[in-house]
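Chain by chain, the residues:
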Amino acid sequence: MGFNCGIVGLPNVGKSTIFNALTSAGAQASNYPFTTIDPNIGIVEMPDERLYKLAEIYQPKKTTPTVMEFVDIAGLVKGAAQGEGLGNKFLANIREVDAIAHVVRCFEDPNVVHVAGKVDPRADIEVIETELMLADLDAIEKRLFKSEKLVKTGDKKIADEVNFMHQLQTVLKKGEPVRRMACSEEEATWLKSYNLLSSKPVLYVANVEEGTVGKPNPHVDVINAIAAAEGAKVVVISGQVEGEIAQLPHEERKEYLAGMGLQESGLDRMIRAGYELLGLITYFTAGEKEVRAWTISKGTKAPQAAGKIHTDFEKGFIRAEVFHYDDLIRLGTESAVKAAGLLRSEGKEYIVQDGDIMLFRFNV
């Protein structure tokens, strides 16, 4: 799995339409709130031109991309943290994902009802953020109630953690999401175990009218300003366009996009932004049997990267033979890469780089 991303937003902002376009999973999409109740899940291949270039060179029997998972979570409404609109159920679904793609409506259409009666991206974002933070505040206060009793035992570590929870409580009461907090390594470990909703990284997805991607849009400007203030990313996408692209054969998609003045689809841009959001990279294994892409976190060392293939590879790791995709493309063949002295033998401390092509040596 590349990563797991929950698609959230208010009702009728285009979440399910975008989900359908990205995954072709056929989630129900209609013009009334709460069409989506149980989360829909779609698995999509990661589009990576490098993988297919490698397949051209190696001519393998099998080519395997890495994949990612989109989860279409029902539209949240004001009061979700208190259970409004099946809110508790929907908030629980968000806890299970690695990142949040927050779809925000940036189109005017009198035929599509807006739950607040008008298109207002800032207000829409604040509603969702507030519900996530209220749910987190409730969770932290319940945890504090239990943990504060243990402080009396004199355990300094528990006292330090309780102090950290009080900091979280203060931040949430100020109306700030937890993801903006600076944390020490130990605090980050505690925070991860709490699985707070507002601690998850957010990608804003501005859903615009067909034909307006890349054109001035005051609604998108508002989202860009909000994202810039918190260091988040924004992807501008048209659910309508993505739906049309999804119906086309793969070879016709580039021509269609070029006709609209676009170089890549919204799916490609969402995945790239999601990768950056979660600090993920791709390495490859390549040979006559299979060319395959693997997703790992930045900073992963060679044995742990090997463990992505099989746990035995990590346990019995000896070394990794490594060269880079760019060198292979520049020189044309693996033999030429070896002749140029660009194939290296790396040990247990080697940090895998995006675009590495690797062969692992290990003891059974």
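Note that the structure is predicted; figures quoted are calculated from it, not measured.

Criteria and cut-off values
- Residues numbered from 1 in each chain as written.
- Predicted model: local features only at pLDDT ≥ 70, side-chain atom pairs only at ≥ 80, totals over all residues.
- Heavy atoms only, no water.
- Helix = DSSP H or I, 4+ residues; strand = E, 2+ residues; numbered from the N terminus.
- Buried < 20%, exposed > 50% of the residue type's maximum accessible area, 1.4 Å probe, protein only.
- Contact = heavy atoms within 4.5 Å.
- Areas by Shrake-Rupley, 256 points an atom, 1.4 Å probe, with all protein chains shown as cover.
- Axes fitted to C-alpha atoms, helices over the stretch in contact; angles between N-to-C directions.
- Parallel < 35°, antiparallel > 145°, perpendicular 65-115°, else oblique.
- Left-handed = near helix turned anticlockwise from the far one by under 90°.
- Nonpolar A, V, L, I, M, F, W, Y, C, P; charged D, E, K, R; others polar.
- Arc of directions from axis to C-beta.
- Pairing = 2+ DSSP bridges.
- Phe/Tyr/Trp six-rings, centres within 6.5 Å; stacked < 30°, edge-to-face > 60°.
- Polar contact = N/O pair within 3.5 Å; in protein donor to acceptor, adjacent residues only side chain to side chain.
- Expected span 1.5 Å × (residues − 1).
- Salt bridge = Lys/Arg side-chain N within 4 Å of Asp/Glu carboxyl O.
- Core = buried A, V, L, I, M, F, W, Y, C linked by side-chain atoms within 4.5 Å.
- pLDDT = per-residue confidence, 0-100.

Draft legend 1. Focus on the overall build of the protein chain. Along the backbone of the protein chain there are 14 helices and twelve strands. The buried share among the 364 residues of the protein chain stands at 48%. For the protein chain, restricting intrachain contacts to residue pairs at least 6 apart in sequence, the fraction spanning at least 24 positions comes to 69%. As presented, the protein chain carries roughly 18,300 Å² of accessible surface, and 50% of it is formed by carbon and sulfur atoms.

Draft legend 2. Geometry of the packing of helix H1 (residues 15-23) against helix H8 (residues 239-246). At a minimum axis separation of 8 Å, H1 and H8 run at an interaxial angle of 25 degrees. The angle between H1 and H8 falls in the class roughly parallel. With respect to the hand of their crossing, H1 and H8 are arranged in left-handed fashion. Between H1 and H8, the contacting residues are Thr17, Ile18 and Ala21 on the first element and Gly239, Glu242, Gly243 and Ala246 on the second. Of the residues contributing to the contact of H1 with H8, the split by class is three nonpolar, three polar and one charged.

Draft legend 3. Fine view of helix H6 (residues 185-194). Within H6, the full set of buried residues consists of Glu187, Trp190, Leu191 and Tyr194. What you see down the axis of H6 is that its buried residues fit within an arc of 100 degrees, all on one side. In H6, the exposed positions angled more than 90 degrees off the buried face are occupied by Glu185, Thr189 and Lys192. On its buried side, H6 packs onto helix H4 (121-151) and helix H5 (156-173).

Draft legend 4. Representation of the sheet that holds strand E7 (residues 233-237) in the model. The sheet built from six strands is open, its strands ordered E2-E4-E1-E5-E6-E7 with mixed pairing. Where the open sheet ends on each side, the last strands, each with one partner, are strand E2 (40-45) and E7. The sheet shows a mean angle of 25 degrees between the axes of neighbouring strands, direction not considered. Pairing of strand E1 (residues 4-8) with strand E5 (residues 99-105), which is carried by four bridges, proceeds in the parallel orientation. From the neighbouring strand, Gly6 faces E5, where its bridge partner is Ile100. H1 rests against E1, E2, strand E4 (67-72), E5, strand E6 (202-207) and E7 of the sheet, and its axis sits at about 155 degrees to E4.

Draft legend 5. Molecular detail of the packing of aromatic side chains. Scanning the entire structure with this criterion turns up seven aromatic pairs. Each ring, one from Phe164 and one from Trp190, has its centre 5.9 Å from the other, and the planes form 40 degrees; the classification is tilted. Remark: Trp190 occurs in helix H6 and Phe164 occurs in helix H5; sequence separation between them is 26 residues. For Phe164, a relative accessible area of 0% corresponds to the buried category. With a centroid separation of 6.5 Å and an interplanar angle of 35 degrees, the aromatic rings of Phe284 and Tyr325 are classed as tilted. On the criterion of sequence distance, the pair formed by Phe284 in strand E8 (residues 280-286) and Tyr325 in helix H13 (residues 325-331) is long-range, its members being 41 residues apart. Per residue, the accessibility class of Phe284 equals that of Tyr325, and both read buried.

Draft legend 6. A look at the side chain of Ser198. Note that Ser198 resides in the loop between H6 and E6. From its side chain, Ser198 meets the backbone nitrogen of Val178 in a polar contact 3.1 Å long.

Draft legend 7. Representation of helix H10 (residues 266-278). A rise of 1.5 Å per residue sets the reference length of H10, with its 13 residues, at 18 Å; its end C-alpha atoms lie 18 Å apart and thus fit the reference within 8%. When H10 is considered as a whole, its buried residues turn out to be Gly266, Leu267, Arg269, Met270, Ile271, Ala273, Gly274 and Tyr275. Count one or two residues on from H10 and you reach Gly279, which has phi positive near 65 degrees.

Draft legend 8. Examining the pattern of salt bridges more closely. On inspection of all chains with the given rule, the structure shows 17 salt bridges. A salt bridge links Asp354 to Arg50; its shortest N-O distance comes to 3.0 Å. In this pair, Asp354 sits in the loop between strand E11 (344-346) and strand E12 (356-362) while Arg50 sits in helix H2 (residues 49-58), placing the two residues 304 residues apart along the sequence. For Asp354, a relative accessible area of 34% gives the class partly exposed. Judged by relative accessible area, Arg50 falls into the buried class, the value being 19%.

Draft legend 9. Inspection of the nonpolar core at higher detail. Counting residues in hydrophobic clusters, the biggest one holds 52 residues, and the most contacted among them are Phe70, Ile94, Tyr204, Val205 and Met270. Discounting residues that sit within four places of it in the chain, Met270 has contacts with Ile18, Leu22, Phe70, Ala101, Leu203, Val205, Val235 and Ile237. The next biggest cluster of nonpolar side chains, apart from the first, holds 16 residues, and it includes Met165, Leu172, Met181 and Tyr194.

Draft legend 10. Seen up close, the confidence of the model for the protein chain. Across the protein chain, pLDDT averages 85, with 88% of residues at or above 70. Contacts for the low-pLDDT stretch residues 25-37, under 50 throughout, to residues beyond four places or in other chains number 37 contacts. For the stretch residues 83-87, pLDDT sits under 50, and the model shows nine contacts to residues farther than four places along the chain or on other chains.

Draft legend 11. The packing of H8 against helix H9 (residues 250-259), seen in detail. Here H8 crosses H9 at 150 degrees, and the two axes come no closer than 10 Å. Taken together, the residues of H9 that come into contact with H8 (itself represented by Val241, Glu244, Ile245 and Ala246) are Arg253, Tyr256 and Leu257. Here the residues of the contact of H8 with H9 are counted per class, giving five nonpolar, no polar and two charged.

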